[in-house]
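Coordinate analysis (summary)
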Amino acid sequence: MTEIKWWQEAVVYQIYPRSFQDSNGDGIGDIPGIIQRLPYLKKLGIQVIWLSPIYQSPNDDNGYDISDYQKVLPEFGTMADVEEMLQVSHQLGLKIMMDLVVNHTSDEHDWFKASRKTKNNPYRDYYIWRDPVDGHEPNNWLSDFGGSAWTYDQQTEQYYLHIFSKKQPDLNWDNPVLRNEIYDTMTWWLNKGVDGFRMDVINLISKDSDFPDDPNVDAVNHASSMNFVANGQHVHHYLKEMNQQVLSHYDVITVGEAPNVTTADAIKYAGFDSNELQMVFQFEHVEIDNSPEGLGKWSDERFKLVDLKRILSKWQSALDGKAWNSLYWNNHDRPRVVSRFGNDSDEYREKSAKMLAVTLHFMQGTPYIYQGEEIGMTNIALSSIDHYQDIDTRHAYQDLVVDQKRVAPERMMQFIHHSSRDNARTPMQWDNTVNAGFTTGQPWLTVNPNYRHINVNQSLEDEHSIFHFYKKIIALRQQLPIITTGRYEVLDLEDNDVYAYKRVDGESQLLIVSNFSSTEQTRHYQLGQQAELLISNYEDDAGDLLRPYESKVYLENV
Ligand code: GLC
Ligand code: CA
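Residues numbered from 1 in each chain as written. Chains lettered and ligands numbered in written order. Predicted model: local features only at pLDDT ≥ 70, side-chain atom pairs only at ≥ 80, totals over all residues. Heavy atoms only, no water.

A look at the packing of helix α10 (residues 349-361) against helix α15 (residues 466-479)
Put simply, α10 and α15 touch, their axes get as near as 10 Å, and they point 15° apart. Put simply, α10 runs roughly parallel to α15. Both α10 and α15 take part in a crossing whose hand is right-handed. For the pair formed by α10 and α15, the contact residues are Arg349, Glu350, Ala353, Lys354, Ala357, Val358 and His361 on the first element and Ile466, Phe469, Tyr470, Ile473 and Arg477 on the second. Of the residues in the contact of α10 with α15, the class split is 7 nonpolar, 1 polar and 4 charged. (Axes fitted to C-alpha atoms, helices over the stretch in contact; angles between N-to-C directions. Helix = DSSP H or I, 4+ residues; strand = E, 2+ residues; numbered from the N terminus. Parallel < 35°, antiparallel > 145°, perpendicular 65-115°, else oblique. Left-handed = near helix turned anticlockwise from the far one by under 90°. Contact = heavy atoms within 4.5 Å. Nonpolar A, V, L, I, M, F, W, Y, C, P; charged D, E, K, R; others polar.)

Okay, structure coming up:
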């Protein structure tokens, strides 16, 4: 690694605007609400905010279906609000990374409206249109939300491709005119002062122009052709072009969401000299508890610590010196970390949330915190599918329970409680007043009833809270360069209860020890005489005895 860049030392905080803070009582979070809460984020100590989409959208997929890249969704506010948010953030020393969703648009985007009209209009080739084959879909690809990835359009008697919902038609990146439109939009936002982009499913943009059948599709299962479509032939060419035409002219942070990447792929996308992106979000550790029956994430399996260690250690070692890792436990698409990898019972929620924070934040890479994680927000279990808003959850229920009758309704609800994206999307819990201080109106999605004891106010008041623990960890990263630069070395890969690893550089080393179990464990790790306990989630140090979910870090000079 050469010179350290600011985004390598930064901690990023993700805001899902719809669920963060409502300012006008309509039950929907908005930009003035975000502005109001910027000092809170400053207090936490993060440097960058990743903002999920705020653009104009019919909200088929909560803003990940954009109908105008240069307009703001009215329910979130105005462009003037966005400008104010940028200004206030920058005054506070916070950077804003926008979500860039350019694998697809909304079907209500003007480009698509024009595209679907005739076969020979200038926008036709902005999207992917194919003739029927024997009166059917052009191939067997499945949408990530269930069902075929092709929808027939009567008007021109062709099918269009959509890897996500039929209201999210895929853009045709093989068309240079379209690519330039995207680059212009990016430049427009950068000139407005945004500090970077998180790029939605960016490794899906190059499709195989032969459109071969996906050999992995099993008609009975809830499969998706997303993985088959990933890392296509021209993807690196397009990203290098984007970098050269746009990104290289600005000092920005970029991270590409990238399903189905190996470490070798990641080094191509995010290598220090790849001239594409700075980081990718890989999916391996968040697909660790996928269904053994081929139902994808619809399962209620509990992960195994040895698998988690193997995956994260592989990423740490493979990228060291070559590319930069993103570090994340959860986001708006994943269940809450404390419920999934920790223990959300009253007894262990705080301890295990802190343990998870230590385990992740001391690795090499840029950590991402998802809103509410810093106060230990948990999953929610709503009683009926009707209470779920997420398109992915609703489609999967329709597909697996209603259409295929493959999963019994009660069992599917269990899977949903475990994996639904709405677990992450319940409103931010600010205080113990009605609706957790999120809104004075009717919240768009049920507030988790545990807001009465899990909320920001409580966390700020209690100096031993999860919030204050995160704050401490974030501050340590700024003080100790080894947290950014040190080489990672895992210890005892086969240990299924304790995760221990070291970070090593020339003069010093860190030893990180986390008990992932609810029982006491005894382990001995070699430590020098001068080793100093840097941080711990227990009040004292019991040496080789590790109490439930105990986590601690030692610093020593070598
Ligand atoms: C990404 C987003 C997810 C969205 C999908 C389609 O995976 O994170 O929320 O549904 O892309 O845009
Ligand atoms: Ca609002």
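A few points about the pairing of strand β16 (residues 508-515)
A large share of β16 lies buried, amounting to 8 of its 8 residues. Covered by surrounding structure in β16 are Ser508, Leu510, Ile512 and Ser514 together with Gln509, Leu511, Val513 and Asn515, the residues of both alternating faces. The pairing of strand β15 (residues 498-504) with β16 spans 7 bridges and is classified as antiparallel. Across the sheet, the residue bridging to Arg503 is Leu510, located in β16. Between the end of β15 and the start of β16, which pair antiparallel, lie 3 residues. (Buried < 20%, exposed > 50% of the residue type's maximum accessible area, 1.4 Å probe, protein only. Pairing = 2+ DSSP bridges.)

Re the sheet that holds strand β20 (residues 551-557)
Sheet strands pair by backbone hydrogen bonding; their relative direction is either parallel or antiparallel. Here we have 5 strands laid out as an open sheet, ordered β14-β15-β16-β20-β18, and antiparallel in their pairing. The sheet is open, and its two edges are formed by β14 (487-491) and β18 (532-536), each paired on a single side. Here the average twist between neighbouring strands, direction ignored, is 20°. Bridge count for β14 against β15 is 5 bridges, and the pairing is antiparallel. Opposite Tyr488, over in β15, you have Arg503 as the bridge partner. Contacts from helix α8 (residues 305-319) reach β14 and β15, with the element oriented near 15° to β15.

Some remarks on the sheet that holds strand β11 (residues 279-281)
Taking strand neighbours across the sheet as the criterion, the 8 strands line up as β11-β10-β9-β5-β2-β1-β13-β12 in an open arrangement whose pairing is parallel. Taken across any chain shown, the strands that pair with only one partner, and hence form the sheet edges, are β11 and β12 (326-328). In this sheet, neighbouring strand axes are inclined to one another by 25° on average, regardless of whether the strands run parallel or antiparallel. Examined bridge by bridge, strand β1 (residues 12-15) and strand β2 (residues 48-51) share 4 bridges and lie parallel to one another. Looking at β2, one finds that Gln14 is bridged to Trp50.

Some remarks on the coordination of the calcium ion (ligand 2)
Asp22 (OD), Asn24 (OD1), Asp26 (OD), Ile28 (O) and Asp30 (OD) make up the full set of protein donors to the calcium ion (ligand 2), lying at 2.3 to 2.4 Å. All donor residues of the calcium ion (ligand 2) come from one chain, and their arrangement in sequence is D-x1-N-x1-D-x1-I-x1-D. (Donors = N, O, S within 2.8 Å, 3.2 Å for Na, K, Ca; no water.)

What to know about the packing of aromatic side chains
What describes a pair of aromatic rings is the distance from one ring centre to the other and the angle between the planes of the rings. By the definition in use, this model includes 32 aromatic pairs. A centroid spacing of 5.3 Å and a plane angle of 70° characterise the contact between Trp111 and Tyr126, whose relative ring orientation is edge-to-face. Of this pair, Trp111 sits in helix α3 (residues 110-115) while Tyr126 sits in the loop between α3 and β6 (129-130), and the two are 15 residues apart along the sequence. Here Tyr126 falls in the buried class, since its relative accessible area comes to 4%. With a centroid separation of 5.2 Å and 70° between ring planes, the pair formed by Phe281 and Tyr328 is classed as edge-to-face. In this pair, Phe281 sits in strand β11 while Tyr328 sits in strand β12, placing the two residues 47 residues apart along the sequence. Across the pair, Tyr328 and Phe281 agree in class, each one buried. Among the aromatic side chains, those forming a connected cluster through ring pairs are Tyr55, Tyr69, Trp111, Tyr123, Tyr126, Trp188 and Trp189. Here the guanidinium or amino end of Arg18 rests over the ring plane of Trp444, the centre of that ring lying 5.1 Å away. (Phe/Tyr/Trp six-rings, centres within 6.5 Å; stacked < 30°, edge-to-face > 60°. Lys NZ or Arg CZ within 6 Å of the ring centre and 35° of its normal.)

Quick look at helix α6 (residues 235-245)
Residues of α6 that are buried include every one of Val235, Tyr238, Leu239, Glu241, Met242 and Asn243, and no others. In this fold, the buried residues of α6 make contact with α4 (176-192), β9 (196-199) and α7 (263-270).

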